[in-house]
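Examination of the molecular architecture
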Amino acid sequence: MVGSWFGLSSKKAKEIEKKTAPVSLRANDPLDGALVLNGFHHEPTNMALDGTFQNTAALLNEYRDMAIDPDVDMAVDDIVNAIITCEEDKKPVELDFSNLEISDKLQDKIRKEFDTVLGVLDFNESGYERIKQWYIDGRQFIQPILGSRKADGLIKAVFMDSRTVQKVKLVYKKPVVEANKRVEVIDRVENKFLFNPYWAPEYNTLSNSLSFPAITRLETQVLDEDSLIYAHSGLKDPLTGVVVSDLEKAKKPLNNLKMMRDAQVIYRITRSVEKRVFKVDVGTLPPKQAEEQMKKVIREHKTKLAYDPKTGKINGKGHQQSVLEDFWFPVRDGGRGSDVTTLQGAQNLSEIDDIVYFQKLMYRSLNVPEGRLENQQPTLFGSRNTEITRDEWKFNKFIMRKRNRYSQQVFMPLLRLQLLCKGVVTEDEWSESYENLLKFKWNSDSYIEEQQETDALMNKFGNMGSMAEYVGTYISKQFIYENVLRMTPEEIKREQERIAKEPKPETEPEGGFQ
């Protein structure tokens, strides 16, 4: 960076850099998912940490509770299904060596070790569940376990409870004198993992409270950075710095949706049927006796219903008036007396626009297109429907970001560890080439892939057919190969060799096709 400021000379830039940034100004990378701590070796600080991490665990419990909601579960299922394929005869993830110039033999070795990594993770069988847990919690901690010998490589991968582990940066400061002032500057920063089962409270549905395990809060273990693999959502609370899940944005829309659904149920129960209106004649009774008469009638005919929003059940209390039961009221001379009339029930019970609005809002908060709602038009794929909506295009970009994040944070470090243990590559080779050029290809469902490939191929041949009359006059065949068919030099050479080996037809078929 020195010498690049506004065209200044290297000497002048060095002087400015020395004055403006003599010490480290920042201890953490905002995207690494770690909390910054200034030391935690004293007991009061340890207890304060317990409170902080227990709040994080309670946050994860809240995310898991949100994921049980039918609407959220449907949206999450769309996202996870888009990330990973669940076909039995197809690997969910494969390696892409297109940017690497290495031998086929070395590619086969690396593929073999990557298959071992997928097997250790049980990703081919339970990849859907792993991705879903990572997406809901917003984090995932994996403990790689090596064999007794280094050459054994990975033999097991343990998925930790995300509530019991937290990545932290331990910042150690030292006093220095700058401009005749004594200030504290960052001396060194260490990345660690803190582990304590005490941070994982279980939610008790009966008592509506959190119960903590019977483990002392002082048993926090400090683990080295290389001991765990950490994958997170990349989202942070701007106030607390705590990593949050993608479900965080759906909290408010989901709460509003729940209230509207419960209100709709209650409204239907209370207003869907006609109501009885009792006009109790109290005559000239004194106020006290008149009130007692009213209470007597209420006790005999009132029905009380209670709605439980957690279970959706209706509990009824009091007298249930049968539709076949008659009412008997005395009538005074002159026709005066008590009578019963009815109040018409609600007429707009079919209007659920407010519920649909909050459903759409919740889907938007999760980056899922509104068109995937059950009551919307189905999402169409294939050559007959090549147009894609803007929401589907954005959703595809969102899925690609999620795939890339999981690949870089889980597959890349595990594959590096496996290749180094097996001696396939060295540390220098990995850092110079593989770390930046090795890519991961996530496979999609076969039907969608085949339709997309067919669409692309038909479009290419359609364009080529419309340009055939210009070949040899304005453009060359090589131009068609490279710019229309989008073929690589290797593919062009291979196809030309195949064409040369094919027998030539005696007469050219009608239409000019060979």
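See the structure shown above.
Quick summary incoming for the structure in this document. (Residues numbered from 1 in each chain as written. Predicted model: local features only at pLDDT ≥ 70, side-chain atom pairs only at ≥ 80, totals over all residues. Heavy atoms only, no water.)

**Some words on the overall build of the protein chain**
Summing up its helical and strand segments, the protein chain has 13 helices and 17 strands in all. Out of the 514 residues in the protein chain, the part that is buried amounts to 32%. In the protein chain, the share of contacts with a sequence separation of at least 24, taken over all contacts with a separation of at least 6, comes to 68%. Surface accessibility of the protein chain: about 33100 Å² in total, with carbon and sulfur atoms responsible for 51%. (Helix = DSSP H or I, 4+ residues; strand = E, 2+ residues; numbered from the N terminus. Buried < 20%, exposed > 50% of the residue type's maximum accessible area, 1.4 Å probe, protein only. Contact = heavy atoms within 4.5 Å. Areas by Shrake-Rupley, 256 points an atom, 1.4 Å probe, with all protein chains shown as cover.)

**Describing the environment of glycine 127**
Among the structural elements, glycine 127 can be located in helix α5 (residues 123-137). Under the relative-accessibility criterion, glycine 127 is labelled buried at 1%. The spatial distance from the C-alpha of glycine 127 to the C-alpha of cysteine 86 is 8.1 Å, given a sequence separation of 41 residues. Dropping the residues within four chain positions of it, glycine 127 is found in contact with Ile84 and Asp122.

**Considerations on the nonpolar core**
Residues Leu121, Phe123, Leu247, Phe411, Leu415 and Trp442 are the most contacted members of the largest nonpolar core, which totals 62 residues. Ranked by residue count, the leading element in this core is helix α9 (residues 390-422), at eleven residues. Apart from residues no more than four positions distant in its own chain, tryptophan 442 is found in contact with Ile83, Ile84, Pro92, Val93, Phe123, Ile131, Arg403, Tyr406, Ser407 and Phe411. (Core = buried A, V, L, I, M, F, W, Y, C linked by side-chain atoms within 4.5 Å.)

**Quick look at the packing of aromatic side chains**
Going through the model one piece at a time under the given rule, you end up with 16 aromatic pairs. Measuring from centroid to centroid gives 5.2 Å for phenylalanine 123 and phenylalanine 411, while their planes differ by 90 degrees, and the two rings are edge-to-face. Highlighted residues: phenylalanine 123 in helix α5 and phenylalanine 411 in helix α9, separated in sequence by 288 residues. Following the ring pairs from residue to residue traces out a cluster consisting of Phe114, Phe123, Trp134, Tyr406, Phe411, Phe440 and Trp442. Seen from the ring of phenylalanine 159, arginine 130 lies directly overhead, with NZ or CZ sitting 3.8 Å from the centre. Above the face of the tyrosine 172 ring, arginine 188 is positioned so that its terminal group lies 4.1 Å from the ring centre. (Phe/Tyr/Trp six-rings, centres within 6.5 Å; stacked < 30°, edge-to-face > 60°. Lys NZ or Arg CZ within 6 Å of the ring centre and 35° of its normal.)

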